[in-house]
Amino acid sequence: MTSPNEEEKRPENEKKEKRPKIPRQPMHGQDPAVRIRNFDEVPYGYTDELAKLESSRCIQCKKPFCIEGCPVRIDIPLFIKKIKEGDILEAARVIKRDNCLPAICGRVCPQEDQCEKVCIVGKKEESVAIGRLERYVADYEAKHGRFEMPEMAPKTGRKVAIVGSGPGGLACAGELIKMGHDVTVFEALHKPGGVLVYGIPEFRLPKAIVQREVDYLANLGVKFMMNFVVGKIRTVDELMEKDGYEAIFLANGAGLPIFMNIPGENLNGVYSANEYLTRSNLMKAYKFPDYDTPIKRWKNVAVIGGGNVAMDGVRTARRLGADNAYIIYRRSHNEMPARKEEIEHAEEEGIQFRMLTNPIRILGNKDGWVRGIECIKMELGEPDESGRRRPVPIKGSEFEIEIDAVVMAIGSGSNPLVASTTPDLKVNKWGNIIVDREKTGRTSKKGVFAGGDIVTGAATVILAMGAGRNVAGAINEYLVYKAIGW
Amino acid sequence: MYEIVEKKVWFNEIKEFKIKAPLIAEKQKAGQFVIIRINENGERIPLTIAHKDLDNGTINLLFQEVGKTTMDLGRLNKGDFIMDISGPLGTPTHIERYGIVVCIGGGIGVAPLHPIVRAMKSAGNNVISIIGARTKGILIYEDLMRATSNELLITTDDGSYGRHGFVTDELKNLIDVRKIPINLVVAIGPPIMMKMVCRVTEPYKIKTIVSLNTIMVDGTGMCGACRVSVGGRTRFVCVDGPEFDGHQVDFDEMIQRQRQYLTEEKIAVERCKHK
């Protein structure tokens, strides 16, 4: 049933010319033919042996670039050293000093653009598999470790509200509770985790892992309020004035679906990625009718976009039974923002990539259901402001693809619900909340801080988490100064 | 968890719960709705709020059993709990002193209409209400509507009570025969009823507000399942609505989008019946 990843084969030719080296260890996982029929997690994670072997590849650089490459500055060489020494629980402690969600980050971080990108070993051969080791350590700790109460500051009695229970909110809550504050997380949906539960599918991030992290925070004393839509049941001002929260962290994420504004987008069978994934992930519609939320099991599905959300959408469609699951992306393969591993997994699962292709119209049948999509071929022109070559349409290259459903995964905007009900909160033209510096997250409103996607626009789990941690420091400082009457 | 403190069976399939939800009751305004999820396997469905009682911290939800979730809901009793209720959601009805306001409710649409009638009346409007049902037995809220409106007109499709006909017949009568200078119409009910009301008022340029009940998942503007074309623009019912200028709403598209999960609904209902 297991199939080795392709990396395993690569270093073969290198072996002959140089001294025998340990190649980057593969992480085994479900065979593609099997996994497209279930929603279970794809990779199994390292075994103890593989982890030990991989850890021995780290050369313990004096000036470790990998730490620089990590948005939250995990002491990577040290935790890898601990694995090598066989003290995995100590390795977990090292990681947890800087990253309170290692089981999640080990799975969803784009390591190839961060720590592994700058790994010195990677200059000559393949970089150390830092992400896989992080995941291994976190999973080992979950299985063998006991709940350890971290060092907790004495209770301050100061109330802090965190709006949103995604990675930013959870990270901030974890820090603030350790600093002794009274922390409540407000979540609009019925389950905590934000994008970790509604957006990222089970096959990439099992929901039990998210629940475990939430339970950990609850054990530390963090309170969670579900079904609590800030901006509706309570405004930010009411939380402060009526409910006595002295500081508020807005981490409500990028929860506004973006459509292309092309004809046919309101046909039946057109979904935002948010809707499609929320049905499947949060509502468990893939288990319909055991779960009540329905989802259509279309045979031919096109997902528009080239990011991680697009990969999640298209791989979900495949698992729901699509024979033809397409990624339609207007740039080329090289520009796809998705993680390398997700693209590889998608390819293994038979996803069809239609690169340099842009939809111009969704076609419907007489009953108002999608029957196809009209696209135009693109070519790459001059680089645009993002540094990537701008795709330009090739005249007369229009063509149609027969499909039953379209999932729009071209990005998410900022949901205006909180900002529009907080009069003195400044936002930019995209609706992102303006902060003084990302390190402190201070908004234009006193006592109100913001971080993660609602500030930066849709980004990654680790960046939101990093923002949450940083802002926790700034909130703590604010509360201290406030106490002494600054 | 939200406790059901009272259950009223209006008719076989029409039921009303009084539910303990003090925070929601505190904030609820006319025109707003909640999203509920009954249990761990449940789906999220929107229900409009029919009443609230600030002193007791309760809200009333009235529903008709049409699908699996509402059937499950109907099986709950006083003392049972609903796992999740999120709200109040949506933009409240814009209340001001218009003059003469005609409030039209069809079927269970009368329930969410009732708080709007109250609010319009309190704002100093002269409110004429028209409520309609298929037949006398399933007419709801007659007494409440009579008590809050300046005038109440009733229609039934089969003529078993009130005027024999549709709510639109009474509306036409108000406009054409009684020549009442209506300043605003508010209509809540089945999509086809709202469409027909708009068709009546449009030639007279009487501003007509309708309240849409579309498929929703999160109810906070995150998923876009509820989108509808209004004046050629895509709007989200959950945050931009649920009320819109009825003359601008593309009802045909909305009705079509409502039907997306009919096949699945049938499967779920069948299973539910056999439980």
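Residues numbered from 1 in each chain as written. Chains lettered and ligands numbered in written order. Predicted model: local features only at pLDDT ≥ 70, side-chain atom pairs only at ≥ 80, totals over all residues. Heavy atoms only, no water.

Trainee: Is there a simple way to explain the interface of chain B and chain A in this structure?
Mentor: For interface size, the figure often reported is the accessible area lost on association. At the interface, 49 residues of chain B touch 45 residues of chain A. Its largest share of buried area at the contact with chain A, chain B owes to Met222(B), Arg227(B) and Tyr261(B), together 18% of the area lost on that side. In this structure, the connection of chain B to chain A is made through seven salt bridges. Between Arg234(A) and Glu26(B) there is a salt bridge, with the nearest N and O atoms lying 3.5 Å from each other. Every element with two or more residues in the side of chain B that touches chain A is listed here: helix 1 (22-27), helix 2 (68-74), strand 7 (84-89), strand 14 (227-230), strand 15 (233-236), helix 8 (251-258) and helix 9 (262-274) of chain B. (Contact = heavy atoms within 4.5 Å. Buried area = accessible area lost by both parts, 1.4 Å probe. Salt bridge = Lys/Arg side-chain N within 4 Å of Asp/Glu carboxyl O. Helix = DSSP H or I, 4+ residues; strand = E, 2+ residues; numbered from the N terminus.)

Trainee: What is the right way to look at the domain arrangement of chain A in this model?
Mentor: All names here are of chain A. When cut into domains, chain A gives domain 1 (27-144), domain 2 (159-255 + 413-481) and domain 3 (259-410). Each of domain 1 and domain 3 has a C-alpha centre, and these two points are 31 Å apart. Listed per partner, the contact involves 16 residues of domain 1 and 13 residues of domain 3. Summed over both partners, the interface of domain 1 with domain 3 buries about 1200 Å², with 53% contributed by carbon and sulfur atoms. Of all residues in domain 1, the largest losses of buried area upon contact with domain 3 belong to Arg35, Ile36 and Phe39, amounting jointly to 50% of the total for that side. The tally of links between domain 1 and domain 3 comes to two salt bridges. Here Glu349 ties to Arg35 by a salt bridge, and the two come within 2.5 Å at their closest N and O atoms. Inspection of the domain 1/domain 3 interface yields nine residue pairs in polar contact (both at pLDDT 80 or more). (Domains from an automatic or database assignment. Polar contact = N/O pair within 3.5 Å; in protein donor to acceptor, adjacent residues only side chain to side chain.)

Trainee: Help me out: how do you make sense of the domain arrangement of chain B in this one?
Mentor: Residue and element names in this part refer to chain B. Each assigned domain of chain B is listed here: domain 1 (2-89) and domain 2 (100-258). For domain 1 versus domain 2, the separation of C-alpha centres amounts to 21 Å. With 18 residues of domain 1 at the contact, the number on the domain 2 side is 24 residues. Summed over both sides, the interface of domain 1 with domain 2 buries roughly 1700 Å², with 67% coming from carbon and sulfur. Run the count over domain 1 and domain 2 and you get zero salt bridges. Viewed at the interface, domain 2 and domain 1 are joined by three residue pairs in polar contact (both at pLDDT 80 or more). Where the side of domain 1 that touches domain 2 is concerned, the elements lending two or more residues are strand 1 (2-11), strand 2 (14-20), strand 3 (33-37), strand 4 (45-53) and strand 5 (58-64). Here the side of domain 1 that touches domain 2 gets five residues from one element, more than from any other, and that element is strand 4.

Trainee: Any chance you could explain the packing of aromatic side chains here in plain terms?
Mentor: In this description, an aromatic ring pair is defined by two values, namely the gap between the centres and the angle between the planes. For the coordinates displayed, the defined rule picks out 11 aromatic pairs over all chains. Centroid distance Phe449(A) to Tyr478(A): 5.6 Å. Interplanar angle 70°. Geometry classified as edge-to-face. Remark: Tyr478(A) occurs in helix 18 (residues 461-483) and Phe449(A) occurs in strand 18 (residues 448-450); sequence separation between them is 29 residues. The same class applies to Phe449(A) as to Tyr478(A), namely buried. When the ring of Trp10(B) is compared with that of Tyr141(B), the centres are 5.5 Å apart and the planes differ by 45°; the resulting orientation is tilted. One end of the pair, Trp10(B), is in strand 1; the other, Tyr141(B), is in the loop between strand 9 (126-133) and helix 4 (142-148), and 131 residues separate them in sequence. An aromatic cluster of three or more residues is present, and its members are Phe39(A), Phe203(A) and Tyr286(A). (Phe/Tyr/Trp six-rings, centres within 6.5 Å; stacked < 30°, edge-to-face > 60°. Buried < 20%, exposed > 50% of the residue type's maximum accessible area, 1.4 Å probe, protein only.)

Trainee: I'm lost on helix 5 (residues 76-84) of chain A in this one. Help?
Mentor: Residue pairs three or four apart in sequence face the same way in an α-helix, which turns once every 3.6 residues. All names here are of chain A. Listed in full, the buried residues belonging to helix 5 are Ile76, Pro77, Phe79, Ile80, Lys82 and Ile83. Elements in contact with the buried residues of helix 5: helix 3 (48-55), helix 4 (65-69), helix 6 (88-98) and helix 9 (130-144). Trailing helix 5 by a residue or two, Gly86 shows a phi angle of about 85°, which is positive.

Trainee: Explain the environment of Leu73(B) here, please?
Mentor: Residue and element names in this part refer to chain B. Within the secondary structure layout, Leu73 lies in helix 2. Residue classification places Leu73 among the buried positions, given a relative accessible area of 1%. As a C-alpha pair, Leu73 and Ile38 span 35 residues in sequence and 7.0 Å in three-dimensional space. Ignoring anything within four residues of it in the chain, the contact list for Leu73 reads Phe17, Ile36, Ile38, Leu47, Phe63 and Ile82.

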